[in-house]
Each structure stands twice: as structure tokens, then as C-alpha cells.
Amino acid sequence: SQKIEQNSEALNIQEGKTATLTCNYTNYSPAYLQWYRQDPGRGPVFLLLIRENEKEKRKERLKVTFDTTLKQSLFHITASQPADSATYLCALDANSNSGYALNFGKGTSLLVTP
Amino acid sequence: EAQVTQNPRYLITVTGKKLTVTCSQNMNHEYMSWYRQDPGLGLRQIYYSMNVEVTDKGDVPEGYKVSRKEKRNFPLILESPSPNQTSLYFCASSSLIAGELFFGEGSRLTVL
């Protein structure tokens, strides 16, 4: 069966450090992978999309890597700030035969302390 | 402002009382979808729609109905709600070319 695995344990880091979150998947052949941020009780907000033929993508303090051989994506936040504290979700297109379906991991909670 | 609007944001109802959660987007997106989010289970897709009059089941469609009569609206219908449908519901839309989903603010539903 298809699985998207993210660290279930919360990640606690100190302000200024780099946070690294992991997304592993099985039984997917995604054309792309996405990362979202979710604050408590709010809807997820899109951050980055990386395609299967891209190794790395950056946006300001964010960096995403995508290794289709390892079936893994790493999400980095450099110079982290307390405002970065949130849950981060990775999502993959499920290659549904009947259309477009985006499946989400359960997310990793990040806490950045001053 | 580009947005996905859900109503109601909060609702407490009783078992068996039909309810509809509305969803509207103003971005002219072809694709719309409903998810439910439960602790420990993450976001699970209920139904999605690739365009007007085209809908399809997601991973957890039992107990739900949807319709897509207009491009901007995608209501979620619970014909006979049960307590296991107590959840946080999100509507989302996307331009199929771009791929990124825009989410609504969520509708917290409690079924007693």
C-alpha cells in the first residue's frame, strides 16, 4: 500500500539553527512533491513544489531536496525563528487513474525556541 | 483577494440531521477537493472534482456526497451524520497546471 512517512515526534530546535524535516514514501511514483505549513486550527498553506527531475529547490530560507531513488524529500529551514513553529506536511500526487489526488503525510511539528 | 471560503466554520449537530458544508473559491480553479483531518490520522481526502459535473471518490467517501454544478462551488453533504464524522474539514482548490492547493480555513463539525 502507499505510504507517506514523516517524523511523528516533534522537532525542537534553537532559534538560528537549521531545521531539517524528512518525508519518506513507498509505492508512489510522484511527478512532484509539495510541502505545506499548518498552524493549529488553520488550513495548510503551500510552501514549495519540487518536480521529479529537480534535485533541489530554494525559496528564501527554505530548501527542499527530492531523491527519487531513495524515495525521500528533505525540507530545511535555515536561520530558524520562533515564528517558524508549526506543523509541516509533505504531499505527493497519487497518480490516480481517475484524476488528480494529492495525499498528505501526517506532518512533523516544529518548535523553535528563542 | 484569492481565497477559499467555507461555511459554517463551527457546527454542532445531532445524529441523522442532514447538513451541508459550503465551499466557494474565487480563483477560477478547475480542481476542488474535500479533506478531513483527525488526530493521528492526518489529512484524508473525501471527494474531489476535476471540473464542473465531474466528481470522484477519495480515500474516505463513505457517508458523504458532493456536487459540482458551478465551477466556484463544491458543497459537502452529510445526509445522515454520525458521531464518527466528527472532524475538522477542509476544502481546497487548485489550478491543475500549477498543482498547489489553496485551503479554506476549515469547518469543525461535532456530531452528537
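Keep in mind that what you see is a predicted model, and the values were worked out from it rather than measured.

Colleague: Break down the side chain of S80(A) for me, with residues and values.
Modeller: Residues and elements named next belong to chain A. Mapping S80 onto the fold places it in the loop between β8 (72-77) and β9 (86-93). One polar contact links the side chain of S80 to the main-chain carbonyl oxygen of Q14, over a distance of 3.4 Å. A polar side-chain atom of S80 sits 2.7 Å from the main-chain carbonyl oxygen of K17. Non-local contacts of S80, meaning those with residues more than four positions away in its chain, are made with I13, Q14, E15, G16, K17, R61 and V112.

Colleague: An account of the interface of chain B and chain A is requested, with residue identities and associated values reported.
Modeller: Where the parts come together, the accessible area they lose is often given as the size of the interface. Of the residues lining the interface, 22 residues belong to chain B; the matching set on chain A comes to 21 residues. Carbon and sulfur atoms supply 50% of the area buried between chain B and chain A, which totals about 1600 Å² over both sides. Summed over the three residues of chain B that lose the most area to chain A, namely L43(B), F103(B) and E105(B), the buried surface amounts to 24% of that side. Viewed at the interface, chain A and chain B are joined by 1 salt bridge. In this structure, E105(B) engages R42(A) in a salt bridge whose closest nitrogen and oxygen atoms are separated by 2.6 Å. There are 5 residue pairs in polar contact (both at pLDDT 80 or more) connecting chain B and chain A. At the level of secondary structure, the elements contributing two or more residues to the side of chain B that touches chain A comprise β4 (31-38) and β5 (42-51) of chain B. Among the elements that take part in the side of chain B that touches chain A, β5(B) stands out by supplying 5 residues, more than any other. Of the residues that constitute the side of chain B that touches chain A, the class distribution is 12 nonpolar, 6 polar and 4 charged.

Colleague: Could you give an account of the pairing of strand β6 (residues 54-57) of chain B, naming the residues involved and the relevant values?
Modeller: All names here are of chain B. By the bridge criterion, 4 bridges tie β5 to β6 in an arrangement that is antiparallel. Opposite Y48, over in β6, you have D56 as the bridge partner. Connecting β5 to the next strand, β6, in antiparallel fashion are 2 residues, including E53 with a positive phi near 65°.

Colleague: Describe in detail the state of the cysteines, supporting the description with residues and values.
Modeller: All names here are of chain A. Summed over the entire model, instances satisfying the criterion amount to 2 disulfides over all chains. Bridging C23 to C90, the disulfide has an S-S length of 2.0 Å. Where C23 bonds to C90 through sulfur, the torsion about that S-S bond is close to 60°, and the disulfide is right-handed. Here C90 lies in strand β9 and C23 lies in strand β3 (residues 19-26), a separation of 67 residues in the sequence. Taken individually, C23 and C90 each receive the classification buried, so the pair is uniform in this respect.

Basis of the calculations
- Residues numbered from 1 in each chain as written.
- Chains lettered and ligands numbered in written order.
- Predicted model: local features only at pLDDT ≥ 70, side-chain atom pairs only at ≥ 80, totals over all residues.
- Heavy atoms only, no water.
- Helix = DSSP H or I, 4+ residues; strand = E, 2+ residues; numbered from the N terminus.
- Polar contact = N/O pair within 3.5 Å; in protein donor to acceptor, adjacent residues only side chain to side chain.
- Contact = heavy atoms within 4.5 Å.
- Buried area = accessible area lost by both parts, 1.4 Å probe.
- Salt bridge = Lys/Arg side-chain N within 4 Å of Asp/Glu carboxyl O.
- Nonpolar A, V, L, I, M, F, W, Y, C, P; charged D, E, K, R; others polar.
- Pairing = 2+ DSSP bridges.
- Disulfide = S-S within 2.5 Å.
- Buried < 20%, exposed > 50% of the residue type's maximum accessible area, 1.4 Å probe, protein only.

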